[in-house]
Structures are given as C-alpha cells and as structure tokens.
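# Topology and contacts: notes
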Amino acid sequence: MRLLQMLVQRKILIILATFFTIVLGIFTFFNLDKELTPTVGLDSATIHVEASNLHIDDVERKITNPLEQTLQEMEGIKEISSTTSIGRSSIKILFESGKGDEIFKDVESKANVVLSDIPNLDYYQVLQDGKNPSFEFIVDVSGGNPDQMSAFAKDILKPRLEKLSEVREVKLDGFTEQQVDIHFDQDKMNEKHITIQQAVEVIQQLNNEAIVGELTDGHESLSLRWDTALKNMEDLKTLQIPTENGLVELKDISAISINPVTNSSNTWKNGSKDMIMVQIARKASASQADMAEAVRNELRKIDEEGLVKGFTVNEVIAHADFVNDSMNDVTTNMWIGGMIAIVVLYLFLRNIRAAFIIGLSIPTSILLTFIAIGLLDYSMNMLTLIGLGLGIGMMVDSSIVILEAIYKKKEQGLNNLQAVLEGTKEVASAIIASVLTTIVVFLPIGLIGGDSGKFMMILSVVTAITLISSVIIAFTLIPTLANEFIRLKKQKSNHQKTFFMSIYKNTVAWCIQKKSRSFIVIIAFFIVFSLSLFLIPKIPMKIMPDMFNRYTEMVIDLENGVSQQEKEMIAEKVHETVSSTEDVKANYVLDLDDRLIVNIVMTTGSKITTEQEKVTENILKKLRVLEETQPIRAVERALDGISGYPVQIHISGDDYAELRKGANALQKEIKSIKGITDVTSSLDNFSETPTIQLKEENIKAAGLSTLHIKQTIEAFLLQEPIGTVEWDGDKLQVYAHQGNEKLTKEALLELSVPTANGEKKLSSFVAFEKEYRPDQIFHKNGERYISIMADADKEDLGTINNDIQKVLKGFDSSQDFTVTLAGDLEEQNQLMNEFLFAFGIALFLVYVVMAMQFNHLGQPLIVMSIIPITIVGAILGLFITQAELHFMSGMGFIILIGIVLNNAILIIDRTNQLRKKGLPVIESLLQAGENRIRPIFMTTLTTVGGMLPLALATGMSADYQAPLSIVIISGMLFATFITLLLIPCVYRLFSKS
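Residues numbered from 1 in each chain as written. Predicted model: local features only at pLDDT ≥ 70, side-chain atom pairs only at ≥ 80, totals over all residues. Heavy atoms only, no water.

## Quick notes on the overall build of the protein
We apply this condition: Put simply, DSSP marks the helices as runs of H or I at least four residues long and the strands as runs of E at least two long, and each gets a number from the N terminus on. Relative accessibility under 20% of the residue-type maximum defines a buried residue, over 50% an exposed one, and the middle range a partly exposed one, all with a 1.4 Å probe and only protein chains included. Note on contacts: a residue pair qualifies if any of its non-hydrogen atoms lie within 4.5 Å across the two residues. In short, Shrake-Rupley with a 1.4 Å probe defines the accessible areas, and a residue's cover is counted only from the protein chains shown.
In terms of helices and strands, the protein carries 29 helices and 30 strands. In the protein, which comprises 993 residues, the proportion classed as buried is 52%. For the protein, the share of sequence-separated contacts (at least 6 apart) that also reach a separation of at least 24 residues comes to 79%. Carbon together with sulfur atoms contributes 55% to the accessible area of the protein, which is approximately 45,600 Å² in total.

Now the structure itself:
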C-alpha cells in the first residue's frame, strides 16, 4: 500500500499522466488504419493453373498430380485439396497453425519449379490467402453506347484510377474486346499451291520488329533495327505472301474481319448487358477509407471535366462505407453503454461525484487501449471495435469495486486517505484475481486452429488490453480522485434495501443452516443445467455471420461446355428470379467462364421490409430451383464462409468403381433424412467427350501416316494467335482459322484428305467413340473423392449435423473407401471440438489463478461451481431470442468463464477475510453476501448495460456483436442471482466447521 499512498499523495503526477494518456490516445486514434477486417497472412494458399489446350485427364496427370506429390513431401502442410477440370487446376493448401508466412515462400518456389517444366501453360498464380486485398470498391458504367462506354472505361477511367497511389489494380468486366480473324479460303490456297502453315509463317516473320545486328561507323557501333510490324489493318490486308505463282496479297486468299472476342467477360446489370463493371483493389499500404476517398475525388474530377457523356458512372459497393457504418454503430453503442454504466452507478451510490469519477475513467481506459493497439500495429476494424465494445461494460468493474469499497469506508467514518488505503487494500487481491481470471480465458483462443483463430486472437488481445487498461486506471486515477472529490451525503434509511436484504439473508441462512439443505440446492441447480442441454438443438447454428449490411453475393457454378447463348439465358433467369425477391434493389451478374458471380444490393433505410438473412435465404432457394432447368452445377453463398451446399460429404479412396458404388448407396440414405433437399453429387456431372479412333489399316493402305492425319485435323480446327495489329489506337490479337464455317463432327468427317489414289474423306481413316468423363476431379491429400451435396429447408446446421452423423455411423463402409464430413458440417465439428478444448484449457487456467490467489486447492472449485449455471443462462438467452450460435457467440461462452467468476471471487474472498477475524462459517457467509451484494449488482448491471446496445444493435456489425452480447448478458444476469445463493451453499457443504 506504500506505492498506492505515494500515488495518492502525488496527485499532480497522476493528473499529468492522465492528461498525457488522453492526448496521446486521441492522436493514436486518428492515425490508426481503418478497415473492415484485419489484413493478416492466413495459414492457407492457393495455386491456380490454366492450360486451355489440355483435357481433364491430362491436367490431372501433368499438372495436379506433380504439384500434389511435390507439396506432400514438404513439412508443415496440414492438408492439400484440389479441383481439376478441363484446362484448369486449382489447389488449396492448408498450413499448420502459425506457419503460413514461413512455408508459403517454399511452396511458391517449388510450385514455380514444377510448373516451369510443363509446356503450353496459359497462366498460373501462387497466392497466400489474406495477403492481397481483394476488390473493395466497385462502380459500373451504364446507360449508353457500348463502344463509347468501353472506350471511356479502357482509355480514361482505368488509366487515371491506376495512377492513384492508393490503387493497386483496376479490373474491367463487360466491355467488348475485339480480335482480328483471318479465315483462309482452302480452294484459293490450293490454286496458289500454298498451305495455311506456310502463310502463317510468312505473316509471323514479316510482322516483326527486332535488332538484326550491328554496324561500325568509325569508332561507333550502331544497332541495325528491322521494322516490318503491321501498323494498321490495311498493312495486314495487303501483306505480300510468296507462292509458286508469285506474290499474292493476304486479302486475296482469305477473309479478314474484326470480331468480338468470344471468351471476353460479360456482365449484366438488372438483366441488361450494356454495362461495364469496374473493380478496384487497394495497395496494402493504403486503408480502405483512403482508397475510397481518392477514387471518389478522381471520379468527381472526371465528371467535372465533361468526360462522362451519354452514360453514367455509378457506385455499386465500397467497403469503406461498411467500415464507417460499422465504426459509427459500435462507437455509438459504446457511448450509450458507457452512459448506462454511469447511470447505474449513480442510482446505487446516489453520488454525482462518484458517477463523474467513473465517467472519467471510461474514456481514459479506452484511450489507453488505443495507445496499446497502435503499439501492436493493429488497425481499427470490426474485431477491434467489438473487443472495445465488450470491454466497455467490464472495464468499469474494477473501478466500481474500488470506489464502492472506499465509499463504504467513508460511511464507516474513516478520513479520506484512510478510506482510500483501507478500501483499496480490502478489495485489491479480489480485483487482481478477478481480472486475471478474465484475461487468462483469452489465452486458449490461440489454440483454435485455422484462419478463424487468427482473427479471434485479435479480438481476444484487444479485450484483454481493455481490461488491463481499466485495472491500471482503477488503481491509480480512481483512488486519487476519490481522495479529493468524494463527499458523503447524509444517509437516509432505506426500508426497501432493508426489506430486500432481510429476504436475502433469511433465504441464504435457511439454505446453509444444514449441509443437507445446501446439498439439495446444489442438486436442484444441477438438474436445471442438465435440462437446459436439451435446448441446444433448438438454437440456430452456422459457422460465421454475414459480414456486409444489405449486400450479398452468390456463386453459380456452371456445367462444362455451357455456350454463350446458354449463359445469356441463365443471366436472364437470374435477373427475373432475384428482381422478384422482396427488398432487392439491384443485381449484377459477372461471367467468369465456368461460373457466374451474382452481386445483390438490397434496399436500405426506410425501404427495408425484410431482414437481410431472410432475403438471402429466399434468393438462394430460388436460384437453386434453376438447377432443374438450366445447366447449373451448384449455387453457393460467397460472403459468409459457406462453400457450396451446407451439407457436404466426401467419399475417398483409390478404387474409383468402389467410390461410385458407395456414393450411390450413401446418396439414397441422405435423401431419406427429414429436412434435406436437393441431394446431388459430383457423379451427376459427367460430360460426353468424343475420342478419335484411328483406322490404322486404311491409313497404311492409303500411304498416309498417323502424323499426317493429326496435322489434317489440327489444320481444320486451327485457331492460332499469330501476332498483333494496331486498329483505332488499340493493339488487337490476330488469329488464323481454317476457312470452314462450322466446326462440327460431321464437317470434320466430311473433310477431304489427299492420297496417292485421289482424295478421300477423313471418315475413311478415323471414327469417333463416345466417352463419359467427369466434369471435375477432386483430390484430398492425393486421393480422389466423390462429393455428395445437399441443401436444407432451414439453416439449423446443428440438427442436420446430428442426423447426418447417425446416418454415417450406420452406413456400411468397407476398407476400400472412407466417408468424412466436409464443407460447413466439417468446419462446424472442427470448431466445436476446438472450442471445447479451449473451454477446458480456460477452466484449468482459471483454476490455477484462483488456487494461487486463495492458496487453496478446494476453494477455486467452489467458485467454479457457478459455471454450469452460467451456461444455462446463455443457452436460455440464445433460445429465447433465437440468436445464432456461431463462431462469435461461441466466443461469448469462453469470455463468460472469466466474467461470472468475479462475483463469486468477491464473496469467497470476503468470507475468508471474516473467518480470519474469528467469525463462524455461517455468519461469515451471511455478512460477506451483505457486504458484497451492492458491488456485485453494480458491476453486473454496468456490464449488462454496457453490452445492451450491442445486443440490440441492428446496424452493420449487428450479426457479429449481437449474438455474442446476448450470450454474455443472459449468462451474467442468470448467474448473478444464482451466485448469491449457490456459492454460500457450496462453500457451506465443503467447509470443515
């Protein structure tokens, strides 16, 4: 207490330190980066490879398998999963926890070595997840002439935005790309005695710009430059091609035209294709708010310069707005919570000065927390704000307990300094133990694996820092101000208080009078706890809540070979489906080759009639109906961690025939589960692949070779890029084609092949054989697997999970294959196991802290007896409000361990103090309850009041913070009332005298 006495007597030091904290905290707050979610290097990576000329089997054999074999030899890799399709391979790598940054460099290096040896790759990319910010600002250019909009987006908008220091990349979708097509006329080519291959070689050689050598001019060396590059379309058309009959212009033996690129990206806005979507990504060094401000300023300048004519440029989504909305919501809730805490304190103490002291401690603690956040290089994001919001209610607990103890000592007649020292000394050990128990429960959060654990660690650290800051303020600023400003008013007798205390003391006295009564009370509460567990299946469950307010995204996976006309039809059906859904403001469909991305913007403000989750569910169900009539493989939610269907089961093994047999049998059993709908599997997605069968005897008889037949077929199917040419200020890719109009099997078989005995049809030498191949091949750790997927009538994954587990346990699977959960169910089970493990570690750490505090092995167990009752309150809260049990609300259960023990610690600590003074057990328990009931109710109600606005929140971060706050509020309220009765009973039951 000497240190405390020194601090109290040197009030100028405390005041200056507080002033410095406030100034530095404000400065740090305004200089923190602001973003929606923290940018962290996740423990996962993705390898994307594209090779458009390879069949699915070749992609698996030449690309997927070598990469997987190389990766499996590396240490620190937890899991490797891959999806192989025609011309594409995508490999997902999960690293061991905390090793993402370290191992990724080796993965990138080895992947580059493997892929560099594979010929004919179009593109590949190795990325660590979470490192590069995605596109966070989207605008559309619409309402005008497509050519004008394309020119504006490509020549003005994209270059000017890319010049901004905050912008990393600008991607355009929907504008019409052009290419030059040269269709050679085979008859004219035959007349001139020249082949297509010869003509292509001439074009490539002449369309060239290079240094051909060096000349010497005295003492100087001069480079000799050759430049016959095609400068315009006229140069291409009049290009001289040498033949046996002399030179001929290219236009005389071919048809040259400019056409739209067949595989260029398409976008639709509310069903209209006349629009361009502009997606903007920021640099890692820039915040979302900085990029949004810079982009908006540049768009304003472009508009003021009169460059937007005949069309409009409209904002679709800006993540910075979500950041601002989230910060405003949480900040408002924090202030409201702080005010509620101050009001509660005033109602109990009826002292405006005491309320002022607590009111000053709240912003000071918050600003001290901001300083620590800045030192840790954290940003202001949704998680740090929720951590602060959670801390608001708890951060005044220590200050209230100390202030109430000082206030009580003054009521007993001690002078100011004595009251401060004695009051603080009396509760110091209990406060330290309480805060330590609250902080140590956050340590096991680091044991939660995966990327979710990294994000939750940030939340835990911020909450712990908030509590540590509040303790520092409680032991420095509160005693100093209490010594100077607290003045007692003449106390009036409070008959209500006496009546309440009389009922409480009589009830507790009856319960602890005999140990048998205490035992009955404990058994009754245990029965209540057991019954509450039956409510858990009735609580909605999911993995993660929605992140964005009034906005969602869907992914539509298409079947292989979907034509452009079919995509147009799907986009039209999507618009009709989405636009007919209530509360949808606009929809955008992006064509990404084998899938469509659907961005959905919902109504806001007074126009809202339906909750966001309900709107999203309605859209998802309606879109999945399209699978019955359209070439759609699956419809997925893209924003909330859901991958494909909510129900996914993997059957893996080496024997593909056994896999198919097992998958068919299991699929039938899954269909029988009540509530399961739209059961499908990857077996349903097979495509017909024509394979060439050679008639080798006919080939030999005609004096031909198999190579000659192959070259003939390749020439017929020719579509080869052979260079570029300038047109209207752009460089267009030039493609060479055979002069046929239809690339059909019939046309190919009718192709004439010159032989020694005259021309014969290609059908004399080849035939087609039908083969059915899977559209996609899935691997997990090198093994093939088949995926069974299903939808559910409702989003209660908990009930579905139980039913699926029963089916899997009863399923007769042989040793030829293994059956495992995947997708949301797998992640839910994994998270549940990790939470239970973290929960157990938290219990152990709390026990260790209290054992050291009480110097007793049994008394910590008495304190911890309140935990089951706390769980009852939390379960009741979720059940009554039907709030979702997900990752964030699961965090609430762990946080509750540390919070609810504080009240029990206060009672046990005070009981031990009174027993050391010679009081018997029963009298010590009764007096401890009477002494501590006021600070217990004050701390509980201030914590509940501080979190109440978060629980009732409806804004941007409501889905994150509301369920978590409901768990803490309901658990605390239920546990507080039970603590005052249960703890004396347990203490009495295990006391020696």
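Past the structure itself, the notes keep going.
## Some details on unusual backbone geometry
The phi dihedral of Asn 781 is positive, around 55 degrees, even though this residue is not glycine. By relative accessible area, which is 40% here, Asn 781 ends up partly exposed. The phi angle at Gln 882 is positive, at roughly 55 degrees, despite the residue not being glycine. As for its position among the elements, Gln 882 is in the loop between helix H26 (867–881) and helix H27 (887–916).

## Quick notes on the pairing of strand E16 (residues 551–558)
Which entries qualify depends on this criterion: Here a strand pair is declared whenever DSSP counts at least two bridges between the two strands.
Counting buried residues along E16, 8 of its 8 residues qualify, which places the element largely inside the surrounding structure. Along E16, one buried face is formed by Tyr 551, Glu 553, Val 555 and Asp 557 and the opposite face, lined by Thr 552, Met 554, Ile 556 and Leu 558, is buried too. Relative to strand E19 (residues 632–637), E16 runs antiparallel, the two sharing 5 bridges. Across the sheet, residue Ile 556 finds its bridge partner in E19, namely Val 635.

## Re the side chain of Thr 364
Condition: Think of a polar contact as two N or O atoms within 3.5 Å of one another; within protein, one of them needs to be a possible hydrogen donor and the other a possible acceptor, and neighboring residues in sequence only count if both atoms come from side chains.
For Thr 364, the position within the fold is in helix H11 (residues 352–375). Within the structure, Thr 364 has its side chain in polar contact with the backbone oxygen of Leu 360 (distance 2.7 Å). Once you skip the residues sitting within four places of it in the chain, Thr 364 turns out to touch Thr 18, Thr 21, Ile 22, Ile 473 and Leu 477.

## Some remarks on the pairing of strand E5 (residues 135–142)
Here is the key point about a regular strand: its side chains alternate between the two faces of the sheet. With 7 of 8 residues buried, E5 lies mostly within the body of the structure. Where E5 and strand E15 (residues 312–318) come together, 6 bridges link them in antiparallel fashion. Bridged to Phe 137 within E15 is Ala 318.

## Focus on the sheet that holds strand E17 (residues 584–591)
The cut-off we apply is this: Only the stretch in contact is used when fitting a helix axis, every axis being a line fitted to C-alpha atoms; angles between N-to-C directions are given from 0 to 180 degrees.
Spatially, 5 strands are ordered E13-E17-E18-E16-E19 in an open sheet, and the strand pairing comes out antiparallel. For this open sheet the edge positions go to strand E13 (267–269) and E19, each flanked by a neighbour on one side alone. Between one strand axis and the next, the sheet turns by 15 degrees as a mean value, whatever way the strands run. Bridging between E13 and E17 involves 3 bridges; their strand directions are antiparallel. Bridged to Thr 267 within E17 is Leu 590. Packed on one face of the sheet, helix H17 (residues 564–579) meets E13, E16, E17, strand E18 (595–602) and E19 and runs near 165 degrees to E17. Packed on one face of the sheet, helix H18 (residues 612–625) meets E16, E17, E18 and E19 and runs near 175 degrees to E19.

## Quick notes on the pattern of salt bridges
Using the following cut-off: Within this document, salt bridges are pairs made up of a side-chain nitrogen of Lys or Arg and a carboxyl oxygen of Asp or Glu, the two lying within 4 Å of each other.
A full pass over the atoms with the stated rule returns 19 salt bridges. Through salt bridges with shared partners, a single network forms among Lys 409, Glu 426, Arg 910 and Arg 932.

## Observations concerning a nonpolar patch on the surface
The condition that has to hold: Every patch collects residues that have over 30% relative accessible area and no salt bridge, joining them within 9 Å if they carry like charges and within 5 Å if they are nonpolar side chains (Val, Leu, Ile, Met, Phe, Trp, Tyr).
Taken together, the side chains of Phe 519, Ile 523, Phe 526, Ile 527, Leu 531 and Phe 534 make up a nonpolar region of the molecular surface, amounting to roughly 660 Å² of accessible area. Mapped onto the secondary structure, Ile 527 falls in helix H16 (residues 515–532).

## Regarding helix H1 (residues 2–9)
So the rule is basically this: The arc in question is the one spanned by the directions pointing from the helix axis to the C-beta atoms.
Within H1 the residues assigned to the buried category are Leu 4, Leu 7 and Val 8. Along H1, the residues classed as buried sweep out an arc of 100 degrees about the axis, all on the same side. Away from its buried face by more than 90 degrees, H1 exposes Arg 2 and Leu 3.

## Quick word on the packing of helix H2 (residues 11–31) against H11
Threshold: Convention used here: angles under 35 degrees read as roughly parallel, angles over 145 as roughly antiparallel, angles from 65 to 115 as roughly perpendicular, and any remaining angle as oblique. By convention the crossing between two helices is left-handed if the near helix lies anticlockwise of the far one by an angle smaller than a right angle, and right-handed if it lies clockwise. Following the grouping adopted for this structure description, the nonpolar residues are Ala, Val, Leu, Ile, Met, Phe, Trp, Tyr, Cys and Pro, the charged ones are Asp, Glu, Lys and Arg, and the polar ones are all others, Gly among them.
Their axes nearest at 8 Å, the elements H2 and H11 cross at an angle of 55 degrees. Taken together, H2 and H11 sit at an angle that is classed as oblique. In this structure, H2 meets H11 at a crossing whose hand is left-handed. Along its contact with H2, which presents Thr 18, Thr 21, Ile 22, Leu 24, Gly 25, Ile 26, Thr 28 and Phe 29, the element H11 presents Thr 364, Leu 367, Leu 368, Phe 370, Ile 371 and Gly 374. Residue composition of the contact of H2 with H11, by class: 8 nonpolar, 6 polar and no charged.

## Structural notes on the sheet that holds strand E14 (residues 275–282)
Taking strand neighbours across the sheet as the criterion, the 4 strands line up as E6-E14-E5-E15 in an open arrangement whose pairing is antiparallel. Whereas interior strands pair on both sides, the edge strands pair on one side only; in this sheet they are strand E6 (167–173) and E15. Recorded for the sheet is a direction-independent mean angle of 20 degrees between the axes of neighbouring strands. Sitting on the sheet, helix H5 (residues 146–162) touches E5, E6, E14 and E15, and the angle it makes with E6 is about 170 degrees.

## Side note on the environment of Lys 622
One can find Lys 622 in helix H18. Exposure remark for Lys 622: the relative accessible area of 32% places this residue in the partly exposed category. Between the alpha carbons of Lys 622 and Ser 580 there is a distance of 9.9 Å; along the sequence they are 42 residues apart. In this structure Lys 622 touches Thr 577, Ser 580 and Thr 581, once residues within four positions along its chain are discounted.

## Examining the confidence of the model for the protein
The condition that has to hold: Confidence scores per residue from the predictor, reported as pLDDT, run from 0 to 100.
A residue-level look at the protein finds 88% of positions with pLDDT of 70 or above and a mean pLDDT of 80. Between the elements of the protein, mean pLDDT differs from a low of 73, seen in helix H10 (residues 319–349), to a high of 91, seen in helix H9 (residues 288–304). Throughout residues 639–643 the model reports pLDDT below 50, and contacts reaching past four residues in sequence, or to other chains, amount to 14 contacts.

## Focus: the state of the cysteines
For the record, the criterion: Disulfides are defined as cysteine sulfur pairs within 2.5 Å.
Going through the model one piece at a time under the given rule, you end up with 0 disulfides. With no disulfide of its own, Cys 511 has Cys 985 as its nearest cysteine by sulfur position, at a separation of 4.6 Å. Judged by relative accessible area, Cys 511 falls into the buried class, the value being 6%. Given the relative accessible area of 0%, Cys 985 is considered buried.

## Some remarks on the environment of Ile 336
Take Ile 336: it is sitting in helix H10. Ile 336 sits in the partly exposed class, given a relative accessible area of 38%. Between the C-alpha atoms of Ile 336 and Met 947, which are 611 residues apart in sequence, the distance is 9.2 Å.

## A look at the nonpolar core
Selection rule: The nonpolar core is taken to be a set of buried Ala, Val, Leu, Ile, Met, Phe, Trp, Tyr and Cys residues, with the residues joined through side-chain atoms within 4.5 Å.
If you look at the biggest cluster of nonpolar residues, it comprises 146 residues, and the most contacted ones within it are Ile 866 and Leu 901. Counting residues per element, this core draws most heavily on H27, at 15 residues. Discounting residues that sit within four places of it in the chain, Ile 866 has contacts with Val 900, Leu 901, Ala 975, Ile 978, Thr 979, Leu 982 and Ile 983. Among the nonpolar cores identified, the runner-up in size contains 25 residues, and Ile 196, Ile 241, Leu 732 and Val 734 belong to it.

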